Amino acid sequence: MPLLDIDRSRMVWWAIGLVLAAALAYVFYSFVGTFVFGIFIYYSTRPIYRRIKRRVRPPSLAAAVALFALALPALALIAYALAIVVNELVRLTNNGFFDLSRYPITSDQLARLTDPNTILSLELSSLTESELSQILSSIGSAADTLAFLGVGGVHLFVMIALAFYLLRDDHRFARWVRMNFADDRGVMEAYCTAVDRDFKNIFFGNILNAVLTGTIGVIAYTVLNMVSPEGVYIPAAALVGLLAGVASLIPVVGMKLVYIPVALYLAGVSYFSNPGAFWFVIAFIAVSFVIVDTIPDLVLRPYVSGRTLHVGAVMIAYTFGPLLFGWYGIFFAPMILVLVVNFAKYVLPELVTGTPIQPYAVDPATVEDDSELVDRSGQTDVAGTDEMPAADDDAVSDVTSEASAETSNRADDGPSAS
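As the structure is a computational prediction, the values presented were derived from the model and not from experiment.

K.L.:
I would appreciate a short explanation of helix α8 (residues 187-225) in the present structure.
P.N.:
Three or four residues apart is the spacing at which side chains of an α-helix point the same way, because the helix has 3.6 residues per turn. Taking 1.5 Å of rise per residue, the 39 residues of α8 would be expected to cover 57 Å, and the 55 Å separating its terminal C-alpha atoms lies within 8% of that figure. The principal kink in α8, of about 35°, is found at L208.

K.L.:
So what exactly am I meant to see when it comes to unusual backbone geometry here?
P.N.:
In terms of backbone geometry, most residues other than glycine have negative phi values and most peptide bonds are trans. In this model, R57 is joined to P58 through a cis peptide bond whose omega is 0°. Relative to the helices and strands, P58 is located in the loop between α2 (32-52) and α3 (59-92). One non-glycine residue, A236, lies in positive phi territory at about 50°. With respect to the helices, strands and loops of the structure, A236 is situated in the loop between α8 and α9 (237-247).

K.L.:
Looking at this model, I keep getting lost on the environment of L257. Mind explaining?
P.N.:
One can find L257 in helix α10 (residues 256-273). On the accessibility criterion, L257 (49% relative accessible area) is partly exposed.

K.L.:
Sorry if this is basic, but what is going on with the UniProt feature "transmembrane region" (unreviewed entry) in the protein here?
P.N.:
Feature annotation in UniProt places "transmembrane region" (unreviewed entry) on residues 12-43, 64-86, 146-167, 207-227, 233-266, 278-295 and 315-341, given in this structure's numbering. Regarding residues 64-86, the helix share stands at 100% and the strand share at 0%, and the terminal C-alpha atoms are separated by 31 Å. Secondary structure across residues 278-295 comprises 100% helix and 0% strand; the distance between its end C-alpha atoms is 24 Å.

K.L.:
In this structure, what is going on with the pattern of salt bridges? I would like to understand it.
P.N.:
Pairing between side chains becomes possible if they bear opposite charge and their charged atoms approach one another. All told, the structure shown has six salt bridges when counted by the stated rule. Where D170 meets R50, a salt bridge forms, and the shortest distance between an N and an O atom there is 3.2 Å. In this pair, D170 is assigned in helix α7 (residues 142-181) and R50 in helix α2, connecting sequence segments 120 residues apart. Summarising the burial analysis for this pair, D170 and R50 share the class buried. Across the salt bridge formed by D169 and R172, the nearest N and O atoms sit 3.9 Å from each other.

K.L.:
Please clarify how the packing of α2 against α3 should be interpreted in this entry.
P.N.:
In a pair of packed helices, the angle between the axes and the distance between the axes together describe the arrangement. Between α2 and α3, whose axes approach to 9 Å, the crossing angle comes to 120°. Accordingly, the angle class assigned to the pair α2 and α3 is oblique. Considering only the axes of α2 and α3, their crossing is right-handed. Touching F37, I41, T45, I48, Y49 and I52 of α2 are P59, A62, A63, V65, A66, L67, L70, A71 and L75, all from α3.

K.L.:
Honestly, the nonpolar core in this entry has me stumped. Any pointers?
P.N.:
One recurring pattern in soluble globular proteins: nonpolar side chains tend to sit buried together. In this structure, F40, I41, L67, I202 and F203 are the most contacted members of the largest nonpolar core, which totals 44 residues. Formed jointly, this core draws a minimum of three residues from each of two domains, domain 1 (47-114 + 141-170) and domain 2 (201-331). Excluding residues within four positions of it along the chain, L67 makes contact with I41, T45, L72, P73, I160, A163, F164 and L167. Of all hydrophobic cores here, the second largest spans 21 residues; its members include V240, V258, A277 and V292.

K.L.:
What's the story with the confidence of the model for the protein in this structure? I'm lost.
P.N.:
Reading predicted coordinates in detail is not appropriate for stretches of low pLDDT. The pLDDT averaged across the protein works out to 75; a share of 67% of its residues lies at or above 70. Note on residues 361-418: pLDDT under 50 across the span, and 86 contacts to partners over four residues away in sequence or across chains.

Reading guide: rules and limits
- Residues numbered from 1 in each chain as written.
- Predicted model: local features only at pLDDT ≥ 70, side-chain atom pairs only at ≥ 80, totals over all residues.
- Heavy atoms only, no water.
- Helix = DSSP H or I, 4+ residues; strand = E, 2+ residues; numbered from the N terminus.
- Expected span 1.5 Å × (residues − 1).
- Bend = angle between axes of the 7 residues up to and from the residue.
- Buried < 20%, exposed > 50% of the residue type's maximum accessible area, 1.4 Å probe, protein only.
- UniProt positions renumbered as here; feature names shortened; annotations may be inferred.
- Salt bridge = Lys/Arg side-chain N within 4 Å of Asp/Glu carboxyl O.
- Axes fitted to C-alpha atoms, helices over the stretch in contact; angles between N-to-C directions.
- Parallel < 35°, antiparallel > 145°, perpendicular 65-115°, else oblique.
- Left-handed = near helix turned anticlockwise from the far one by under 90°.
- Contact = heavy atoms within 4.5 Å.
- Core = buried A, V, L, I, M, F, W, Y, C linked by side-chain atoms within 4.5 Å.
- Domains from an automatic or database assignment.
- pLDDT = per-residue confidence, 0-100.

Here it is as structure tokens:
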């Protein structure tokens, strides 16, 4: 009878756990794009945050500076570039590509808001209160605008909050995972370390480079078209900039697949219609090579190292991700690829050979209260991660094996290595 009672109690707790897991899965499924983009913001901001944290204390202030001083302005610039692209697509497809009726804005209003001439000629100091209200009312009806901006604000808040707490507390989460799930063969730690490293390469190295390159390309080509001579201009400048960003994901040649054919087209048009406008072709090539191609590559490429994923597999994930999942597929599909590849590399061989992967038997007496560890922490090592206090290192060393310690020494600056 006691055994039956124990089994019944465990079944109840398993049922509760399944219900909670189902609820968590439903929440994640409903807002999967928001969570995935929040993880992208975290990995994109983490290298900058860890450098700011060396000089700005406490970590909460460093995370806020990294997000609100760097990430939010970049997101605003990216949103404006996407609005320009949407306006270009609406104009080229005769309002058949995007259904703007679902949003509180018309195609004419979108064109005015994304016109660089309007922004360059706008003098904020000369705007009166009535003029400001007229500009806001031109976006659409007040109720629709507030509802649209409110929903967008909620999603943005969740993204920023998720990135903020991951930046500040990733070392605590990594410590909790090690203390509760680390096995005596170091499989869990090796898997988490590899996943974190590949996430960093995917999000900070590839996707962030493509997003920033596309944003720079959209704005640079749109502004360049403002000074184009008669008869010679960049066709669909915003789309050319966006395609340049997408092409930067292709190894070796990258965005040259986009701007070199466009440069040849402009040279041909200039030769036959306006030979005196050949300076615009030279300006386009210079802007493309220096501003769109070289600068993002020089700024971000030094941070990208240790690529372990097959280039072809990554390209397939980038291609099929948006087709399968929507706009967030370009982030979600590579995440699935990283999880599957590293599972096959680190965990599957252990399962196939039948080797038991068992968690450590942690004595609660050897684990100090986390609040005490936080009070005594605060030092920063060379990599910019939080250094665990000596007492916590002793507790971990009591429950870790030589294999997991060797794996930890090979870890990079991800949260599992903190």
